[in-house]
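Structural features, examined
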Amino acid sequence: MTQTEILLIDHATPQPELIARAASIIKRGGLVAFPTETVYGLGADATSDDAVRRIFDAKGRPADNPLIIHVADRQMLNRVAVDIADTAIKLIDQFWPGPLTLVLRRAPAIAPSVSAGLDTVAVRMPDAPIALALIRAAGIPIAAPSANTSGRPSPTSAGHVLEDLAGQVDMILDGGPAAIGIESTVIDMTVDPPVILRPGWVTRDAISDLIGPVRTTASSADLGRSPGTRYKHYSPRARVVLIQRGSAELIRQTCLDLLTKGAVAYLGHTPSGISHPQFAEMIIGPASRDYAAAIYASLRLLDETNPDVIVVQGIEPSGEGEAVMDRLKRAASEVILE
Ligand code: TXA
Ligand code: MG
């Protein structure tokens, strides 16, 4: 166990003296959790095998699930990856800094444990002043998975990081809530056509408009390529039931049926109309951005009411909604289709 220090830091213009303290921890092999525009990351020196191993230990993450490396500029990208294809450069020009992670060929300077033995590496440039300032001040690429215990909902606030990783991380930079709320799109650029391994805020259409056709993961062979997608993910303690596309009546009936067996929490954009001592309800906006910003925090919060089941209303799985529904399906142990 270590002492976890929490620094409140300005998200638009991070105080240089606070960044310097965080960077010195990274440089001596420690762990710093920091906000990105997607979710909070758990950062360490990507060139140090020992530092990277501390990330896996803190999260309880399986060693065969590789991490994303964060860079602050193109020069740093060239220390991380080699043989970068022209199509990858096009995506970088258009979407960096931003929530798009590219899988590229790994450069020798990168700690092998980052990639879990693969000869590729996942890399992105976050669109968040704190993250960029930290990487620049450390002067090294920073490996950072989401800063949650493995299997739990990703953290969108410093409080979530503390909930999962108090005593496991040296410092948490608290820059307020993450703007987007779900993780980056991951695309494998080492294959032709490129394959989207994880949908995210940068949509499939936005990518193929720029570089032509891309595939999405469906086959188990592809799941093997992005090992993280094999594991149970994003789950609160309660069982999650996802109503993929449901009328108000289906939602109401499902909740009422489940209430005969135990406590129920409901998260959605359509009010259920139910009033019951064993029932908690959280209503959020219907747009993809409303869901993205709210789902992880809401699942954690509803869990606090100790429900047996959390019922979640889905949204249209197109555009950014595809990423939202991907996360909800992975969190769910049951999916109800109308
Ligand atoms: O938005 C994000 O991407 C956040 C913030 C902190 O940047 N990070 C994040 O990291 O979501 P993590 O570790 O929770 O997810 C990384 C994903 C996993 O699905 C992993 O399997 C995949 O990226 N990945 C990493 N390296 C890979 C590689 N070399 N080949 C294929 N997939 C890889
Ligand atoms: Mg994660």
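Our subject is the structure listed above.
Numbering of residues begins from 1 in every chain and follows the order in which that chain's sequence is written. Just so you know, chain letters begin at A and ligand numbers begin at 1, following the order they were written in. Predicted model: local features are reported for residues with pLDDT of at least 70 only, side-chain atom pairs are reported and counted for 80 or more only, and whole-chain, interface and lining totals are derived from all residues. As a rule here, side-chain values come from all non-hydrogen atoms in the structure, and water together with hydrogens is ignored.

1. Some remarks on the overall build of the protein chain
Note the threshold: Every helix listed is a DSSP run of H or I at least four residues long, and every strand listed is a run of E at least two residues long, numbered separately from the N terminus. We take the radius of gyration over the C-alpha atoms and set the globule estimate at 2.2 Å times the residue count to the 0.38 power. In this description, contact between two residues means that some pair of their heavy atoms is separated by no more than 4.5 Å.
Helices and strands together make up the secondary structure of the protein chain, namely 11 helices and 17 strands. Against the 2.2 N^0.38 benchmark of 20 Å for 338 residues, the protein chain shows a C-alpha radius of gyration of 20 Å, consistent with a compact globule. Considering only C-alpha atoms, the protein chain reaches an extent of 55 × 50 × 35 Å along its principal axes. Sequence separation of at least 24 residues holds for 68% of the intrachain contacts in the protein chain that already meet a minimum separation of 6.

2. Examining the site of ligand 1
As a reminder of what qualifies: Here a residue counts as near a molecule or strand whenever at least one of its heavy atoms sits within 4 Å of it. Counted as a polar contact is a pair of N or O atoms within 3.5 Å, where, for protein atoms, one must be capable of donating a hydrogen and the other of accepting one, and residues adjacent in sequence contribute only when both atoms are in side chains. Only Asp, Glu, Lys and Arg are considered charged in this grouping, and only Ala, Val, Leu, Ile, Met, Phe, Trp, Tyr, Cys and Pro are considered nonpolar; every other residue, Gly among them, is considered polar.
Neighbouring ligand 1 are 27 residues, the closest being Thr38, Arg61, Asn65, His70 and Ser184. Arg198 places a polar side-chain atom, nitrogen or oxygen, 2.9 Å from an oxygen atom of ligand 1. Counting residues per element, the ones that place at least two in the shell around ligand 1 are β4 (68-70), β7 (120-124) and β11 (195-198). Top element by residues in the shell around ligand 1 is β7. It accounts for four residues. Looking at the shell around ligand 1 residue by residue, the classes come out as 13 nonpolar, nine polar and five charged.

3. Quick notes on the packing of helix α1 (residues 16-27) against helix α5 (residues 129-138)
As a reminder of what qualifies: In this analysis, axes come from line fits to C-alpha atoms, helices being fitted only over the stretch in contact, and the angle between any two N-to-C directions falls in the range 0 to 180 degrees. Each angle receives one of four descriptions, namely roughly parallel if under 35 degrees, roughly antiparallel if over 145, roughly perpendicular if within 65 to 115, and oblique otherwise. For a crossing to be left-handed, the near helix must be turned anticlockwise from the far one by less than a right angle; the clockwise case is right-handed.
Following both chains from N to C, one finds α1 and α5 inclined at 55°, their axes separated by 8 Å at the closest point. Put simply, α1 runs oblique to α5. The handedness of the crossing between α1 and α5 is right-handed. The residues of α5 that touch α1, namely those facing Ile19, Ala22, Ala23, Ile26 and Lys27, are Ile130, Ala133, Leu134, Ala137 and Ala138. When the residues that make up the contact of α1 with α5 are grouped by side-chain class, the tally is nine nonpolar, no polar and one charged.

4. A word on the pairing of strand β16 (residues 309-313)
Across a regular strand the side chains alternate sides, sitting on one face of the sheet and then on the other. Going by this rule: Classification of residues uses two cut-offs on accessible area relative to the type maximum, computed with a 1.4 Å probe and protein chains only: under 20% is buried, over 50% is exposed, and between them is partly exposed. When DSSP finds at least two bridges between two strands, those strands are taken to pair.
For β16, the tally of buried residues reaches five of five residues, placing the bulk of the element in the interior. Across the two faces of β16 the burial is the same, with Val309, Val311 and Gln313 and Ile310 and Val312 all buried. Note: strand β13 (residues 239-243) against β16, five bridges, orientation parallel. When the bridges of β16 are listed, Val241 appears paired with Val311.

5. Things to note about the sheet that holds strand β15 (residues 279-283)
Across the sheet, five strands lie side by side as β15-β14-β16-β13-β17; this open sheet has parallel pairing. The sheet terminates laterally at β15 and β17 (334-336), the two strands that pair on one side only. Across the sheet, the mean angle from the axis of one strand to that of its neighbour is 20°, orientation sign disregarded. Packing against the sheet, helix α10 (residues 288-303) makes contact with β14 (264-268), β15 and β16, and its axis sits at approximately 170° to β14.

6. Quick word on the side chain of Thr101
Tracing the backbone through its elements, the reader meets Thr101 in strand β6 (residues 100-106). Polar side-chain contacts of Thr101 include one of 2.8 Å to the side chain of Ser184.

7. Quick word on the nonpolar core
For the record, the criterion: Buried Ala, Val, Leu, Ile, Met, Phe, Trp, Tyr and Cys residues that are joined via side-chain atoms within 4.5 Å together make up what is termed a nonpolar core.
Judged by nonpolar contacts, the single largest core of 69 residues is most densely connected at Leu102 and Leu173. One finds Ile284, Ala292, Ala323 and Leu328 within the second-largest nonpolar core, a separate group that totals 28 residues.

8. Describing the pattern of salt bridges
Convention followed: Salt bridges are defined as contacts in which a side-chain nitrogen from Lys or Arg sits within 4 Å of a carboxyl oxygen from Asp or Glu.
This structure, assessed with the given rule, holds 17 salt bridges. Note that Arg74 is salt-bridged to Asp93, the shortest N-O span being 2.5 Å. In this pair, Arg74 is assigned in helix α3 (residues 74-80) and Asp93 in helix α4 (residues 86-95), connecting sequence segments 19 residues apart. By sharing partners, the salt bridges in this structure join Arg152, Glu163, Asp164 and Arg300 into a single network.

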